[in-house]
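Take a look at the letters that make up each chain.
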Amino acid sequence: AQTVTQSQPEMSVQEAETVTLSCTYDTSESDYYLFWYKQPPSRQMILVIRQEAYKQQNATENRFSVNFQKAAKSFSLKISDSQLGDAAMYFCAYRTFPNFGNEKLTFGTGTRLTIIP
Amino acid sequence: GAGVSQSPRYKVAKRGQDVALRCDPISGHVSLFWYQQALGQGPEFLTYFQNEAQLDKSGLPSDRFFAERPEGSVSTLKIQRTQQEDSAVYLCATIRGLGNQPQHFGDGTRLSIL
């Protein structure tokens, strides 16, 4: 079974600064997806960024980028130019490569990000 | 609808009561997932539907938990004889098709068992 570990229960960053959230995972599979989700107090899970394991290039989405180290099974999220609206719980998640019926997500325990004005 | 809709948003029940939680998926979304999120934890998978077929229920914690999706659209998660450890947020997520598609989440139902 796959496991996802987030070792930072809480992080804080000054507005406009950069912060990195850590995630490690364990799997025996060679093909899979990794995700970062944001969960504000409204509870809705919002997809921030996605990485396919077979792609060596790190994914980026505007101010959000990842550092994917497949051999080390590490998947960190970097948020640049932090904004007040980035404050939320952030979850790292793993999904096995799609095989038409097995796309469930395995989540870490989350990191609460606070933005300091 | 425009997004995944879950109801009720909050549910309070006494221990031993039965509860039913509803998920209205985005129109046309084939795959539907239920997750349980305990306080301070990440969501954990409960069960998965592809249209009306329940293909994976390995995450259901006990036989008190039952889910259905009879017409391949709306899904209901039922918990019988609720216990305090059932208190959690229950999230529903759907996918338009199969394979490489992102999951769209609802706002969840917060269930509190007294």
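If you're wondering where the values come from, they're calculated on a predicted model, not measured in any experiment.

Caption draft 1: Quick look at the overall build of chain B. The number of helices and strands found in chain B is zero helices and eleven strands. When the helices and strands of chain B are read in sequence order from the N terminus, they spell out β-β-β-β-β-β-β-β-β-β-β. Taking 114 residues into account, the globule formula puts the C-alpha radius of gyration at 13 Å, and chain B, at 13 Å, falls close to it. Along the longest, intermediate and shortest principal axes, the C-alpha atoms of chain B span 40 × 25 × 25 Å.

Caption draft 2: Layout of the interface of chain B and chain A. Listed per partner, the contact involves 29 residues of chain B and 21 residues of chain A. Summed over both partners, the interface of chain B with chain A buries about 2,000 Å², with 49% contributed by carbon and sulfur atoms. For the pair chain B and chain A, the interface holds one salt bridge. With a shortest N-O distance of 3.5 Å, K104 of chain A and D56 of chain B are connected by a salt bridge. Our count for the contact surface shared by chain B and chain A stands at nine residue pairs in polar contact (both at pLDDT 80 or more). Listing elements by their share of the side of chain B that touches chain A, those giving two or more residues are β4 (31-37), β5 (44-50), β9 (88-95) and β11 (109-113) of chain B. Per-class residue counts for the side of chain B that touches chain A are twelve nonpolar, 13 polar and four charged.

Caption draft 3: Summary view of the sheet that holds strand β1 (residues 5-7) of chain B. All names here are of chain B. An order of β1-β3-β8-β7 is seen for the four strands of this open sheet, with the pairing classed as antiparallel. Two strands lie at the open edges of the sheet, namely β1 and β7 (65-68), each paired on one side alone. With strand direction ignored, the average angle separating the axes of adjacent strands in the sheet is 15°. As paired elements, β1 and strand β3 (residues 19-24) share three bridges and run antiparallel to each other. Each bridged residue has a counterpart across the sheet, and for S7 the counterpart in β3 is R22.

Caption draft 4: Looking closely at the pattern of salt bridges. Summed over all chains, the structure comprises nine salt bridges over all chains. Across the pair R22 of chain B and D24 of chain B runs a salt bridge whose closest N-O atoms are separated by 2.6 Å. Relative accessible area serves as the criterion here: at 38%, R22 of chain B is assigned to the partly exposed category. Connected through salt bridges with shared partners, the residues R50, E52 and K55 of chain A form a single ionic network.

Caption draft 5: Expanded view of the environment of R22 of chain B. Residue and element names in this part refer to chain B. Relative to the helices and strands, R22 resides in strand β3. Residues R22 and R9, 13 residues apart in the sequence, show an inter-C-alpha distance of 9.7 Å. Discounting chain neighbours no more than four positions away, the residues touching R22 are S5, Q6, S7, W34, V74 and S75. For R22, the side chain forms a polar contact with the side chain of D24, separated by 2.6 Å.

Thresholds applied
- Residues numbered from 1 in each chain as written.
- Chains lettered and ligands numbered in written order.
- Predicted model: local features only at pLDDT ≥ 70, side-chain atom pairs only at ≥ 80, totals over all residues.
- Heavy atoms only, no water.
- Helix = DSSP H or I, 4+ residues; strand = E, 2+ residues; numbered from the N terminus.
- Rg over C-alpha atoms; globule rule 2.2 N^0.38 Å.
- Contact = heavy atoms within 4.5 Å.
- Buried area = accessible area lost by both parts, 1.4 Å probe.
- Salt bridge = Lys/Arg side-chain N within 4 Å of Asp/Glu carboxyl O.
- Polar contact = N/O pair within 3.5 Å; in protein donor to acceptor, adjacent residues only side chain to side chain.
- Nonpolar A, V, L, I, M, F, W, Y, C, P; charged D, E, K, R; others polar.
- Pairing = 2+ DSSP bridges.
- Axes fitted to C-alpha atoms, helices over the stretch in contact; angles between N-to-C directions.
- Buried < 20%, exposed > 50% of the residue type's maximum accessible area, 1.4 Å probe, protein only.

Structural measurements only, silent on function.
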